[in-house]
Amino acid sequence: MERTLIIIKPDAVEKGAIGKILDRFIQEGFTIKALKMFRFTKEQAQKFYIVHKERPFYGELVEFMTSGPVVACVLEGQNAISRVREIIGPTDSEEARKVAPNSIRALFGTDKGKNAIHASDSPESASYEIPFIFSELEIC
Ligand code: RTP
Ligand code: MG
């Protein structure tokens, strides 16, 4: 069993897609181990995405992630990290609609910035991201 972190981004929360996205992961066989809604401060979003601090889109990404509430969730399942990445689809929602039309980013995202969902991309990122968002007591 493996755990991963997803964050339903402000665009998908605003669209009313929280329930549909969580249900998709339940239907795919994952177990929800932790769940909460909150709004990132600028400092928190900068720190969460610190790996991207030198990238040209960092400022835009932080602005987007602080633009409204998000829903974070710890999912557990076999090979959860790679399977969840597969289900969310490619970073760019427009590309996702071509190559993975049933992926979450194809269904709920707009483009390569506003792409509906984040998911940990490796065991290293999951072990940074899960305790960044959830305390031990909040994980069932
Ligand atoms: P994430 O970390 O959110 O799960 O997305 P990812 O691994 O598929 O993509 P990553 O390269 O880690 O980029 C993080 C987020 O930054 C925004 N982005 N904007 N405008 C752009 O060129 C651009 N590229 C990336 C997206 O919101 C992306 O999910
Ligand atoms: Mg990433």
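Residues numbered from 1 in each chain as written. Chains lettered and ligands numbered in written order. Predicted model: local features only at pLDDT ≥ 70, side-chain atom pairs only at ≥ 80, totals over all residues.

Focus on the confidence of the model for the chain
Mean pLDDT over the chain: 98, with 100% of residues reaching 70 or higher. For this predicted complex, the interface confidence score (ipTM) comes to 0.95, while the overall pTM stands at 0.97. (pLDDT = per-residue confidence, 0-100.)

Digging into the sheet that holds strand 2 (residues 31–38)
Pairing within the open sheet is antiparallel, and its four strands lie in the order 2-3-1-4. Unpaired on one side and paired on the other, strand 2 and strand 4 (117–119) mark the two borders of the sheet. For this sheet the average axis-to-axis angle between neighbouring strands, irrespective of direction, equals 20°. When strand 1 (residues 2–8) meets strand 3 (residues 70–77), the two strands line up antiparallel, connected through seven bridges. Bridge pairing in strand 3 places Glu2 opposite Gly77. Here helix 2 (residues 18–27) sits on the sheet in contact with strand 1, strand 3 and strand 4, set at roughly 10° to strand 3. Helix-sheet contacts for helix 5 (residues 80–88) involve strand 1, strand 3 and strand 4, and the interaxial angle to strand 1 is about 30°. (Pairing = 2+ DSSP bridges. Helix = DSSP H or I, 4+ residues; strand = E, 2+ residues; numbered from the N terminus. Axes fitted to C-alpha atoms, helices over the stretch in contact; angles between N-to-C directions. Contact = placed C-beta atoms within 7 Å.)

Looking at the environment of Val84
Position of Val84 relative to the elements: it lies in helix 5. Residue Val84 is classed as buried on the basis of its 24 C-beta neighbours within 10 Å. Linking Val84 and Asp121, residues 37 residues apart in sequence, is a C-alpha distance of 9.0 Å. Contacts of Val84, omitting those with residues within four sequence positions, involve Thr4, Ile6, Leu75 and Ala119. (Buried ≥ 20, exposed ≤ 12 C-beta atoms within 10 Å, placed from the backbone.)

Digging into helix 8 (residues 123–133)
When helix 8 is considered as a whole, its buried residues turn out to be Ala126, Glu129 and Ile133. For helix 8, the arc enclosing every buried residue in end-on projection is 80°, short of the 170-degree limit, so these residues lie on one face. Looking at helix 8, the residues exposed on the side facing more than 90 degrees away from the buried face are Pro123, Glu124 and Pro131. At its buried positions, helix 8 is contacted by strand 1, strand 3 and helix 5. (Arc of directions from axis to C-beta.)

Overview of the site of ligand 1
Residues in close proximity to ligand 1 include His52, Phe57, Glu60, Leu61, Thr91, Lys112, Gly113, Asn115, His118, Ala119 and Asp121, which together make up its full environment. Contributing elements (two or more residues each) for the shell around ligand 1: helix 4 (58–65) and strand 4. Across the shell around ligand 1, the residue classes break down as three nonpolar, five polar and three charged. (Near = placed C-beta within 6 Å. Nonpolar A, V, L, I, M, F, W, Y, C, P; charged D, E, K, R; others polar.)

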